[in-house]
Amino acid sequence: MPRLKSFVLAGIAAGLTMGGMSAAWAERQVHGGDVARLLAGRAFQIQCVDGTRGKGEFAQSGGLVTVSYRRPHGPPQESDRATVRVKGVEICLAWRQFGGGGDGCYPVREKTGGTYRLGVGPIWCDISAK
């Protein structure tokens, strides 16, 4: 009987692992340049893990992005603009104040058609083209 119990527990663990892997596989790694070209000249919605929400627009040339956003416990509305660079599968943004300001590069994954996740692990923002 202990052998059967071990087998059942191993099966459950494998099932949970596969379930977690399938959720990760639902997001597809994409090239930052492809996403920048798709979003160039388009408006988008932004939603971040910390509750920040807003809207923005990529410039037609793709080298500049502007956002208007609201943080959960911040002023009613803030805005910022960033220069955009592409580095392989990452989009690099140089903000003045958004996310604390500064320059950072973020891997891009496609969640669903038209929705992309910038960031990895516990820090991310989803952008959805309008």
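See the structure shown above.
Residues numbered from 1 in each chain as written. Predicted model: local features only at pLDDT ≥ 70, side-chain atom pairs only at ≥ 80, totals over all residues. Heavy atoms only, no water.

## Structural notes on the environment of Thr115
Along the chain, Thr115 falls in strand β8 (residues 115-120). Every residue in contact with Thr115, bar those within four places of it in the chain, is listed here: Arg109, Glu110, Asp126, Ile127 and Ser128. (Helix = DSSP H or I, 4+ residues; strand = E, 2+ residues; numbered from the N terminus. Contact = heavy atoms within 4.5 Å.)

## So, the pattern of salt bridges
Opposite charge on two side chains permits them to pair, given that their charged atoms come into close proximity. Inspection of every chain in the model, using the stated rule, returns 8 salt bridges. The shortest N-O distance in the salt bridge between Glu110 and Arg28 comes to 2.4 Å. Note that Glu110 is positioned in strand β7 (residues 102-112) and Arg28 in strand β1 (residues 28-29), a separation of 82 residues in sequence. Judged by relative accessible area, which is 16%, Glu110 ranks as buried. Where Lys111 meets Asp126, a salt bridge forms, and the shortest distance between an N and an O atom there is 3.1 Å. Separated by 15 residues along the polypeptide, Lys111 in strand β7 and Asp126 in strand β9 (residues 123-129) bring together distant segments of the chain. When its relative accessible area of 10% is taken as the criterion, Asp126 is described as buried. (Salt bridge = Lys/Arg side-chain N within 4 Å of Asp/Glu carboxyl O. Buried < 20%, exposed > 50% of the residue type's maximum accessible area, 1.4 Å probe, protein only.)

## Things to note about the packing of aromatic side chains
On inspection of all chains with the given rule, the structure shows 3 aromatic pairs. Arranged with centres 4.7 Å apart and planes meeting at 80 degrees, the rings of Tyr69 and Phe98 form a pair that is edge-to-face. Here Phe98 lies in the loop between β6 (90-95) and β7 and Tyr69 lies in strand β4 (residues 64-70), a separation of 29 residues in the sequence. Take Tyr69 and Phe98: they sit in the same class, and that class is buried. (Phe/Tyr/Trp six-rings, centres within 6.5 Å; stacked < 30°, edge-to-face > 60°.)

## Considerations on the side chain of Asp80
Mapped onto the secondary structure, Asp80 falls in strand β5 (residues 78-87). Despite its burial, Asp80 pairs with no opposite charge, the nearest such side chain being Arg96 at 4.2 Å. A polar contact of 3.2 Å, which involves the side chain of Asp80, links it to the backbone nitrogen of Arg96. Each residue touching Asp80, except ones within four places of it in the same chain, is listed here: Val65, Thr66, Val67, Tyr69, Trp95, Arg96, Gln97 and Phe98. (Lys, Arg positive; Asp, Glu negative; His and termini not counted. Polar contact = N/O pair within 3.5 Å; in protein donor to acceptor, adjacent residues only side chain to side chain.)

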